[in-house]
Amino acid sequence: MSTYVLNSGNKIPKIEASDGIARWINEDPENNKRKDVFYTTKIYDENHGYELTKKAIEMSLERSKNIEYIDMILMHSPQSNYEKRHGSWIALQEAVGTGFVKNIGVSNYGIPHLNELLSYPDLKIEPAVNQIEVHPWLTRTELVDYCVKHGIIVEAYSPLVKGRKFNDELLLQLAKKYDKTPAQILINWSLSKGFVTLPKTTTLSRLLPNLQAADFKLSEDDIAALDAKDEYLTTGWDPTVYPLDK
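So, how was this worked out
Residues numbered from 1 in each chain as written. Predicted model: local features only at pLDDT ≥ 70, side-chain atom pairs only at ≥ 80, totals over all residues. Heavy atoms only, no water. Buried < 20%, exposed > 50% of the residue type's maximum accessible area, 1.4 Å probe, protein only. Helix = DSSP H or I, 4+ residues; strand = E, 2+ residues; numbered from the N terminus. Arc of directions from axis to C-beta. Contact = heavy atoms within 4.5 Å. Pairing = 2+ DSSP bridges. Right-handed = clockwise from strand over helix to strand, strands pointing away. Phe/Tyr/Trp six-rings, centres within 6.5 Å; stacked < 30°, edge-to-face > 60°. Lys NZ or Arg CZ within 6 Å of the ring centre and 35° of its normal.

As a further point, take helix α9 (residues 220-227). Residues Asp 222, Ile 223 and Leu 226 constitute the buried set of α9. The buried residues of α9 occupy an angular sector of 105 degrees when projected down its axis, which confines them to one face. Among the exposed residues of α9, those oriented more than 90 degrees off its buried face are Glu 220 and Asp 221. Next to the buried residues of α9 lie α6 (169-178) and α7 (182-192).

This part covers the pairing of strand β4 (residues 101-107). Among the seven residues that make up β4, five are buried, leaving the element largely enclosed by the rest of the structure. The pairing of strand β3 (residues 70-75) with β4 spans five bridges and is parallel. Considered in β4, the bridge of Met 75 is made with Val 106. On the question of chirality, the crossover connecting β3 to the parallel β4 by way of helix α3 (residues 82-98) is right-handed.

Looking now at the packing of aromatic side chains. How two aromatic rings sit relative to each other is given by the distance of their centres and the angle of their planes. In total, this model carries three aromatic pairs according to the counting rule given. Relative to Tyr 120, the ring of Tyr 82 lies with its centre 5.7 Å away and its plane at 85 degrees, an arrangement referred to as edge-to-face. Of this pair, Tyr 82 sits in helix α3 while Tyr 120 sits in the loop between α4 (111-118) and β5 (129-133), and the two are 38 residues apart along the sequence. Judged by its relative accessible area of 32%, Tyr 82 is partly exposed. An angle of 70 degrees between the planes, with centres 6.2 Å apart, marks the rings of Trp 189 and Phe 195 as edge-to-face. We note that Trp 189, like Phe 195, is buried. The lysine or arginine in question, Arg 34, covers the ring of Tyr 69, its NZ or CZ lying 3.9 Å from the ring centre. Here the basic side chain of Lys 102 rests over the ring of Tyr 69, its NZ or CZ set 5.1 Å away from the ring centre.

In structure tokens:
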């Protein structure tokens, strides 16, 4: 099982995720392998554009040189303009060509933004991933179906709805039925959809229960009941609706 480690893109974090990965590998090189960790970083909106994105990539590569390569770089959102988004994608494609970046993708892209990207005249590499907020109260069916149709993996962030729905009556009923926590039900729902699910916790004791959320199977009826909760609930922002250039 791969572990997704998300750092703070081209901004300087307090502790480098790559340092933690390197220490983990060095603790037991025979068993702790670089290939077992999937390291992701992002290009933030203020660094859109060919030259700025090239510099941001160089910074990320410099900070992660102790782990040899970056598994994935994502465009954080579509919030700039055609020229800048296009330039960033060209820079990302070139980064893959170096071998030090393995995959590229996007985050918070809606269907119009994906259509734009897939229509670039010099497109060589299609996005591997679209990282979006998705959960039973924000199913994004049309966007998810579009990604599946075009072979783009959906990464689901905020799958736990930031805890806002833990007292939902149906969720509590399902937790009791399966003898699981509400969080485990939500993670399992996300996995059942085929998403790469990104639960977030700062509490060590919750890491194992999150992993154990894959150890059971929700029934199709229960999945459908959770699907019906959809109410377009975003827990923060929603750049998927950012307007394209006029």
